[in-house]
Amino acid sequence: MPLVAANWKMNPNDAGDALDLVRGVLSVARGHADRVEVAIFPPFPWLLSISEVLAESGVKLGAQDCFWETSGAYTGEVSPAMLKGWCDWVIIGHSERRIVLGETDEMVAKKTVAALGCDMGVIMCVGDRIEQYEAGSSDQVVEAQVTAGLANCSADDSARLVIAYEPVWAIGTGKSADPEHAYRTMRLIRRVVGDLIGAGAAKKVRVLYGGSVNSSNVESFVELPLCDGVLVGGASLDAAEFAHIVKVTAEVYGHR
Ligand code: 13P
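Rules behind the numbers
Residues numbered from 1 in each chain as written. Predicted model: local features only at pLDDT ≥ 70, side-chain atom pairs only at ≥ 80, totals over all residues. Heavy atoms only, no water. Patch = residues over 30% accessible without salt bridge, like charges linked within 9 Å, V, L, I, M, F, W, Y side chains within 5 Å. Areas by Shrake-Rupley, 256 points an atom, 1.4 Å probe, with all protein chains shown as cover. Salt bridge = Lys/Arg side-chain N within 4 Å of Asp/Glu carboxyl O. Helix = DSSP H or I, 4+ residues; strand = E, 2+ residues; numbered from the N terminus. Pairing = 2+ DSSP bridges. Axes fitted to C-alpha atoms, helices over the stretch in contact; angles between N-to-C directions. Buried < 20%, exposed > 50% of the residue type's maximum accessible area, 1.4 Å probe, protein only. Phe/Tyr/Trp six-rings, centres within 6.5 Å; stacked < 30°, edge-to-face > 60°. Contact = heavy atoms within 4.5 Å. Polar contact = N/O pair within 3.5 Å; in protein donor to acceptor, adjacent residues only side chain to side chain. Near = heavy atom within 4 Å. Nonpolar A, V, L, I, M, F, W, Y, C, P; charged D, E, K, R; others polar. Expected span 1.5 Å × (residues − 1). Arc of directions from axis to C-beta.

A. Looking closely at a nonpolar patch on the surface. Side chains of I99, V100 and L101 sit close together on the surface and give an oily, nonpolar patch of about 290 Å² of accessible area. Structurally, the position occupied by I99 is in helix α4 (residues 95-100).

Below you can see the structure in the form of structure tokens.
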């Protein structure tokens with residue numbers, strides 16, 4: 001089933017606005033729950049209240065990050081064990097964490113295996129920067145990130161593993177990647193997963209595109225043969241816009 005994931009990032013600042021947004025999304029998303037998996041990733045402080053709104057709806061909840069240890073003296077961190085049981089998903093290795101907070105491939109690998117070990121699904125993000133894209137080294141960058149991020153994974157993890165290709169130059173810029181480029185990179189990701197953890201895993205792992213996805217361009221990505229959905233940032237903060245993205249995805253996959 002395709003996955004449409006809403007990464008709210010550090011928004012909204014008001015608890016009431018967060019609840020309004022999730023209710024707006026839910027009113028449309030629940031009608032497509034049999035054809036599209038929808039997951040919402042709010043900031044940590046809103047997770048609990050949003051989990052109550054989403055209960056029994058079929059719409060999934062996720063965290064935007066987690067730490068790799070279960071508990072201990074790690075001020076400010078949230079462990080996967082704390083999220084286990086009520087968060088279905090966690091995003092790991094988003095480029096904003098890699099670039100702004102210095103998160104390394106090694107940290108991404110440790111977080112990924114820790115979250116999978118707590119029975120959560122992981123959306124591991126990879127992506128090239130503009131200078132790498134312009135230098136023609138996108139493939140090497142993405143291959144290295146996938147290889148390092150999956151260092152501790154096995155084929156058993158593949159059903160709960162999602163890899164999102166989010167070119168850094170397409171995030172928040174309004175300029176999404178060319179679908180042909182996205183397709184070739186998603187094909188590369190699947191090939192690398194196959195080399196690392198086996199051909200069966202390469203089929204099971206879901207691969208998403210993210211970066212300036214909106215209701216006008218979503219179809220050009222979800223219609224790509226190897227694309228299992230989208231990871232949406234800015235457009236997921238508008239309930240009507242996000243609902244439209246879910247609807248288009250449901251229609252495209254319904255025709256496959
Ligand atoms: P935008 O959709 O705002 O470009 O953000 C994409 C993203 O970073 C999702 O994780």
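B. Focus on the sheet that holds strand β6 (residues 161-165). With parallel pairing, 8 strands are arranged side by side around a closed barrel as β1-β2-β3-β4-β5-β6-β7-β8. On average, adjacent strands in this sheet sit at an angle of 25° to one another, irrespective of strand direction.

C. Examining the pattern of salt bridges more closely. Tallying each qualifying case throughout the model produces 15 salt bridges. The partner of E143 in a salt bridge is R191, and the shortest N-O contact between them spans 3.5 Å. Residue E143 is located in helix α7 (residues 138-149), and its partner R191 is located in helix α8 (residues 179-197); the two are separated by 48 residues in the primary sequence. The partly exposed category is assigned to E143, whose relative accessible area is 28%. Across the pair E180 and R184 runs a salt bridge, and its minimum N-O distance is 3.5 Å. Placement of the pair is E180 and R184 together in helix α8, with a separation of 4 residues, close to one helical turn. Under the relative-accessibility criterion, E180 is labelled partly exposed at 44%. A single network of salt bridges, built from pairs that share partners, joins D65, R97, E103 and K111.

D. Highlighting unusual backbone geometry. Geometrically, the link from N11 to P12 is a cis peptide bond, its omega value of -15° lying close to zero. Tracing the sequence through the fold places P12 in the loop between β1 (3-7) and α1 (15-29). Unlike most non-glycine residues, E56 shows phi in positive territory, near 65°. On the basis of relative accessibility, which here comes to 84%, the residue E56 falls in the exposed class. One non-glycine residue with positive phi stands out, namely D119, at about 65°. Its location among the elements puts D119 in the loop between α5 (105-117) and β5 (121-126).

E. Structural view of the packing of aromatic side chains. The tally for this structure, following the rule as stated, stands at 4 aromatic pairs. Three or more aromatic residues joined by ring pairs form one cluster here, namely F67, W68 and Y74.

F. Just the environment of D228, in detail. One can find D228 in the loop between α10 (218-222) and β8 (229-232). The buried category is assigned to D228, whose relative accessible area is 17%. Residues D228 and L47, spaced 181 residues apart in sequence, show a C-alpha to C-alpha distance of 25 Å. In this structure D228 touches P2, L3, R190, V205, R206, V207, L208 and Y253, once residues within four positions along its chain are discounted. In terms of polar contacts, D228 uses its side chain to reach the side chain of R190, at 2.6 Å.

G. Highlighting the site of the ligand. Close contacts around the ligand come from N7, K9, H94, E166, A170, I171, G172, G211, S212, L231, G233 and G234, and that covers them all. Taking K9, its side chain carries an N or O atom lying 2.8 Å from an oxygen atom of the ligand. Here an oxygen atom of the ligand and a backbone polar atom of G234 are 2.8 Å apart. Computed on the free molecule, the ligand has an accessible area of 300 Å², of which 95% lies beneath the protein chains in the complex. Here the shell around the ligand is built from residues that sort into 3 nonpolar, 7 polar and 2 charged.

H. Quick peek at α1. Helix length check: α1, at 15 residues, gives a terminal C-alpha distance of 21 Å against a target of 21 Å (1.5 Å per residue), a fit within 8%. Every buried residue of α1 is listed here: A18, L19, L21, V22, V25, L26 and A29. All buried residues of α1 fall inside an arc of 160° around its axis, so they share one side. Elements that come into contact with the buried residues of α1 comprise β2 (37-41), α2 (47-54) and α11 (239-254). For α1, the capping residue at the N-terminal end is D14, with a side-chain oxygen 2.9 Å from the backbone nitrogen of G16.

I. Spatial organisation of the side chain of Q145. Looking at the secondary structure, you find Q145 in helix α7. Aside from chain neighbours lying at most four places away, what touches Q145 is R98, D105, M124, V126 and G127.

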